[in-house]
Amino acid sequence: MANQDWQRKAAEWLRGRQGPDDIVIFCTNLAFVLVVINLFARTGWLGWVALVLIAYAVFRIQSKNLGARARENAAFLKALGPARPWVQNPKAAFAEAKGYKHVKCASCGQRVRVPRGKGKLRVTCPKCRTKFEVRS
């Protein structure tokens, strides 16, 4: 009974707030890695950096300014660029890298995914329809 009351109060308090997003997950994971490194390196400043990251994550979760937090999250994801899949889902990104190779079209720069281990392939760019060969 008390557990349901606590969950109801927590859900009521979080209503209208940001909640966890990609920046929060990144900050907490980075803070955890820094704490583990600090266990071995024994430097005081790493612990403080981890604490600041956790405080920033808590601030983002509690924020009611949803528009600003969404813009910050979109800018963060855009800044990650090609590293984005590795940050959002490392397990899936590893499986993707193991099974596929990404090549750029010479004429338009479009990234094309080709399977690994198939030898020499003739690829047609989906954007500009240029045909080119690639070793996978």
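Throughout this description, residue numbers start from 1 for each chain and increase along the sequence as written. Reporting in this predicted model follows two pLDDT cut-offs: at least 70 for local features of residues, and 80 or more for side-chain atom pairs to be given and counted; totals over whole chains, interfaces and linings ignore these cut-offs and use all residues. Think of the side-chain values as coming from all heavy atoms in the structure, minus any hydrogens and water.

Student: Honestly, unusual backbone geometry in this entry has me stumped. Any pointers?
Tutor: Peptide bonds are mostly trans, and most non-glycine residues show a negative phi. Here arginine 42, not a glycine, exhibits a phi torsion of approximately 55 degrees, which is positive. Helix numbers and strand numbers start at the N terminus; a helix is a DSSP run of H or I with at least 4 residues, a strand a run of E with at least 2. The residue arginine 42 is located in the loop between helix H2 (22-41) and helix H3 (44-62) in this model. In this model, arginine 129 sits at a positive phi of 65 degrees, which is unusual for a non-glycine residue. For arginine 129, the location among the structural elements is in the loop between strand S3 (120-124) and strand S4 (131-135).

Student: Looking at this structure, how should I read the pairing of strand S2 (residues 111-115)?
Tutor: Taken residue by residue, a regular strand's side chains alternate between the two faces of the sheet. A one-sided burial pattern is seen for S2, the buried positions being Val112 and Val114 and the unburied ones Arg111, Arg113 and Pro115. Both strand S1 (residues 100-104) and S2 contribute to a ladder of 5 bridges, which runs antiparallel. Note on S2: the bridge partner recorded for lysine 104 is arginine 111. Adjacent in sequence and paired antiparallel, S1 and S2 are bridged by 6 residues, among which glycine 109 carries a positive phi angle near 85 degrees. Here the term buried applies to any residue with accessible area under 20% of the maximum for its type, exposed to any over 50%, and partly exposed to those in between, with areas from a 1.4 Å probe on protein chains only. Pairs of strands are assigned from DSSP output, requiring at least two bridges between the strands.

Student: Explain the pattern of salt bridges to me, please; I cannot follow it from the model alone.
Tutor: Working definition: two side chains of opposite charge can pair if their charged atoms are close together. Each reported salt bridge corresponds to a side-chain nitrogen of Lys or Arg within 4 Å of a carboxyl oxygen of Asp or Glu. Per the stated rule, a full pass over the model turns up 9 salt bridges. For the salt bridge of arginine 8 with aspartate 5, the shortest nitrogen-to-oxygen distance reads 2.7 Å. Taken together, the residues span about one helical turn, with arginine 8 and aspartate 5 both in helix H1 (residues 2-14) at a distance of 3 residues. Exposure remark for arginine 8: the relative accessible area of 45% places this residue in the partly exposed category. Several salt bridges converge on common partners, so that one network encompasses Asp5, Arg8, Lys9 and Glu12.

Student: Would you mind showing me how to read the packing of H2 against H3 here?
Tutor: For any two helices packed against each other, one specifies the inter-axial angle together with the distance between the axes. It is the contact of H2 with H3, at a shortest axis distance of 9 Å, that shows an interaxial angle of 160 degrees. It follows from the interaxial angle that H2 and H3 lie roughly antiparallel. Considering only the axes of H2 and H3, their crossing is left-handed. In this structure, H2 uses Ile23, Val24, Cys27, Thr28, Leu30, Ala31, Leu34, Val35, Ile37 and Asn38 to contact H3, whose residues at the interface are Gly44, Leu46, Gly47, Val49, Ala50, Leu53, Ile54, Tyr56, Ala57, Arg60 and Ile61. Side-chain classes follow a simple rule in which Ala, Val, Leu, Ile, Met, Phe, Trp, Tyr, Cys and Pro form the nonpolar group, Asp, Glu, Lys and Arg form the charged group, and the remainder, Gly included, forms the polar group. Broken down by class, the residue content of the contact of H2 with H3 amounts to 16 nonpolar, 4 polar and 1 charged. Lines are fitted to the C-alpha atoms to define the axes, a helix being fitted only along its stretch in contact, and any angle between axes, read from their N-to-C directions, falls within 0 to 180 degrees. Should an angle lie under 35 degrees it is considered roughly parallel, over 145 roughly antiparallel, and from 65 to 115 roughly perpendicular; all remaining angles are considered oblique. Crossing chirality is assigned from the near helix's rotation relative to the far helix, an anticlockwise turn below a right angle marking it left-handed and a clockwise turn marking it right-handed. We call two residues in contact whenever any of their non-hydrogen atoms come within 4.5 Å of each other.

Student: Help me out: how do you make sense of the nonpolar core in this one?
Tutor: Inside soluble globular proteins, nonpolar side chains tend to come together where they are buried. Working definition of a nonpolar core: buried Ala, Val, Leu, Ile, Met, Phe, Trp, Tyr and Cys residues. They are joined through side-chain atoms within 4.5 Å. Counting residues in hydrophobic clusters, the biggest one holds 12 residues: Ile23, Val24, Cys27, Ala31, Leu34, Leu46, Ala50, Leu53, Ala57, Phe76, Leu77 and Leu80. Of all the elements in the fold, those that place two or more residues in this core are H2, H3 and helix H4 (66-80). If one sorts the elements of this core by residue count, H2 sits on top with 5 residues. Leaving out residues up to four positions away in the same chain, valine 24 has contacts with Ala57, Arg60 and Ile61. By size, the runner-up hydrophobic cluster in this structure holds 8 residues, among which are Cys105, Val123, Cys125 and Val134.

Student: I would appreciate a short explanation of the state of the cysteines in the present structure.
Tutor: Two cysteines form a disulfide when their sulfur atoms are joined by a covalent bond. When the sulfur atoms of two cysteines come within 2.5 Å, that pair is taken as a disulfide. According to the stated counting rule, one finds 0 disulfides in the structure shown. Residue cysteine 108 stays outside any disulfide, its sulfur separated by 3.5 Å from that of cysteine 125, the closest cysteine.

Don't take any of this as a statement about function, it's just geometry.
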